[in-house]
Amino acid sequence: MTESAPLTIIGGGLAGALLATLLAKKGWQVDVYERRGDPRVEGYAGGRSINLALAERGLHALKLAGLDDAVLKQAVMMRGRFVHPLAGTPHLQRYGRDDSEVIWSISRGELNITLLDAAERAGARLHFGMGLDAVDFEHRTATFDTSEGKRDLPFHTLIGADGAGSSLRQALQAFRPCEERTEWLDHGYKELEIPPTTDGGFRIEANALHIWPRGHYMCIALPNDERTFTVTLFMPLEGEPPSFATIRGSGEALEFFRRDFPDTLELIPDLAEDYARNPVGKLATLHYQHWHLDERAVLIGDAAHAMVPFHGQGMNCAFEDCIALANHLSHDRDLAEAYAAFEAERKPNAAAIQQMALENYIEMRDKVDDTAFLLQRELELRLQERHPGRFVPHYTMVTFMRIPYAVALARSDIQREILVDATRGLETLAEVNWPEVDAAVMARLEPLSG
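Quick notes on the rules
- Residues numbered from 1 in each chain as written.
- Predicted model: local features only at pLDDT ≥ 70, side-chain atom pairs only at ≥ 80, totals over all residues.
- Heavy atoms only, no water.
- Axes fitted to C-alpha atoms, helices over the stretch in contact; angles between N-to-C directions.
- Helix = DSSP H or I, 4+ residues; strand = E, 2+ residues; numbered from the N terminus.
- Parallel < 35°, antiparallel > 145°, perpendicular 65-115°, else oblique.
- Left-handed = near helix turned anticlockwise from the far one by under 90°.
- Contact = heavy atoms within 4.5 Å.
- Pairing = 2+ DSSP bridges.

### Some details on the packing of helix H14 (residues 405-423) against helix H15 (residues 434-444)
Direction vectors running N to C along H14 and H15 enclose 165 degrees, while the axes themselves pass 10 Å from each other. By the angle class used here, H14 and H15 are roughly antiparallel. With respect to the hand of their crossing, H14 and H15 are arranged in right-handed fashion. Here H14 contributes Ile414, Glu417, Ile418 and Ala422 to the contact with H15, which in turn contributes Val437, Ala440, Val441 and Arg444.

So this is what it looks like as C-alpha cells:
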C-alpha cells in the first residue's frame, strides 16, 4: 500500500510537517508542497504570529514523532494566568494543581523549522515555492504556481494542511460544492512586544500567560525564549470605543493604554510604533460539511476547522488530527475508508473545541477578575479534591488530558451548572451546602476514564 499510493501533502506548516514526519516514519512515500520559500533558508515569513500554547495533546503528538525534547528546549513554561486587573493587585491563577499541569509558550516559526527538519530526516520530500492553484480531480492532476510559471503534477491523493484559507478546500468546493460557513468574530487583534530588560532578562513574570481583562476587550502577553513577550490586544473591530475603528493612530493608542492598561506603558517602550506598524488581524471559526472526497482528498487542521485562538488549542487539535489520520491510514484497508473514519472521529471533536474556544474568550476578557467566577473556580478545585476522577475541571480535561473534546464539552456543561447552582448568592465556600453539591456530582457525573 505504501508503495502504490504516495501521499501528497499541501502545506508545509505545522500540521503538514508533523503529518509528513509521522507518515514517513511509517514507510509512506510523502511529498510536501508549500507555497512559501524554505524558512530554514529564507527566514520564517508566517502570517499569524500569535504565540502558540503547547498542551498535552500536542505534546503527545510530538512525542510520537520523537520531537518533544527538542521542542521543549525552545519553549517557556506557563503555569497559569497572571491577571492584571485595572484596580487591584495582579495575581496568578494556576491552570492546574501544581507544576505537573502547565502549558508551554512557543514561537510558531521556530516550531515550524524544527518540524520541517524532522520531516526531511524521516524521508519526506519537501517542495517550496509551489502554491496549489487548481486541481483536476477527474484526471488527478494538481496545478502549482511556481517562480517559473504554472506546473502540472499527477497525484494519487491530496491531504490539505494548508490552513484556514486552504487552496485545496477551495478546489474541493469548486468540484463538489457543499456547505462552507465562516463565522467571523466581530473582534480583531493587534500585536505588540515587551522587549527584554537591559541585562537580557524578562520584564515581568516569565512562567505565566499574562492577561489584562477589561470586559469586552483585553490584552494578553506570552513569553518567548529570547526573553521577550508577544503582546496581543483583542478588541472590537467596530462600534463604541474602544474599538480598532475608534482608535485611529498612535497618539490615541497611547492615551487608550494610559487609561486602560497603565502598567504596560513602561513594559512596551515601542508601543506607538508597534501599534502604527502592525496590522489588525481578523478571527473566524470555519465550519465545512465534508472533509474528504472519497480516496482523492482530505482536509486536516485549520483547512477543515479553523477556530479562534482563545483556548490555545488550534495547534493541539491539528496535531491530534495528524495522529488520527496516520492511525487510520495504517489500519484501514483503503484511503477512502481511512478518510471517512478520520472525519467521523474528528469532526464532532473539532466542533466541540471550536465552541469552547469562543466561550473561553468571554472567560478571559470578562470573568477572570469577577468575584462570582473566582468563587466557582475555588469550588471547582475543592470538588476535584472531594471527587477525584469524577469532577475534573474543564481546563484540565481540555489541556492536560487527551479525552475527546466532545466529552470534555458535555461534562463541562454539567459541571458549570453544578458550580453556578452551588454558589448562587454566596460569598465564600463556607456557605456551600456540601451534602447537596456532593449529591449533584454523584448523580450527574460518571467517573471519567482516559
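Additional details are given in the paragraphs that follow.
### Side note on the sheet that holds strand E6 (residues 91-94)
Spatial strand order, E6-E5-E14-E15-E16-E13-E17: seven strands in an open sheet with mixed pairing. Each having just a single partner strand, E6 and strand E17 (281-288) make up the two edges of the open sheet. Adjacent strand axes in the sheet meet at a mean angle of 30 degrees, parallel and antiparallel pairs treated alike. Bridging between strand E15 (residues 218-223) and strand E16 (residues 229-236) involves six bridges; their strand directions are antiparallel. When the bridges of E16 are listed, methionine 218 appears paired with phenylalanine 234. Its contacts with the sheet place helix H6 (residues 167-175) against strand E13 (180-194) and E17, and it is angled at close to 45 degrees to E17.

### A closer look at the sheet that holds strand E2 (residues 30-34)
Strand order across the open sheet formed by six strands is E8-E2-E1-E12-E19-E18, with mixed pairing between neighbours. With one partner strand each, in any of the chains shown, strand E8 (125-128) and strand E18 (292-293) form the two edges of the open sheet. Inspection of the sheet shows strand E1 (residues 7-10) paired to E2 by four bridges, in the parallel sense. In the strand pairing of E2, isoleucine 10 is matched with tyrosine 33. Strands in contact with H6 are strand E12 (158-160), E18 and strand E19 (297-299); relative to E19, the strand with the most contacts, it is inclined by about 125 degrees.

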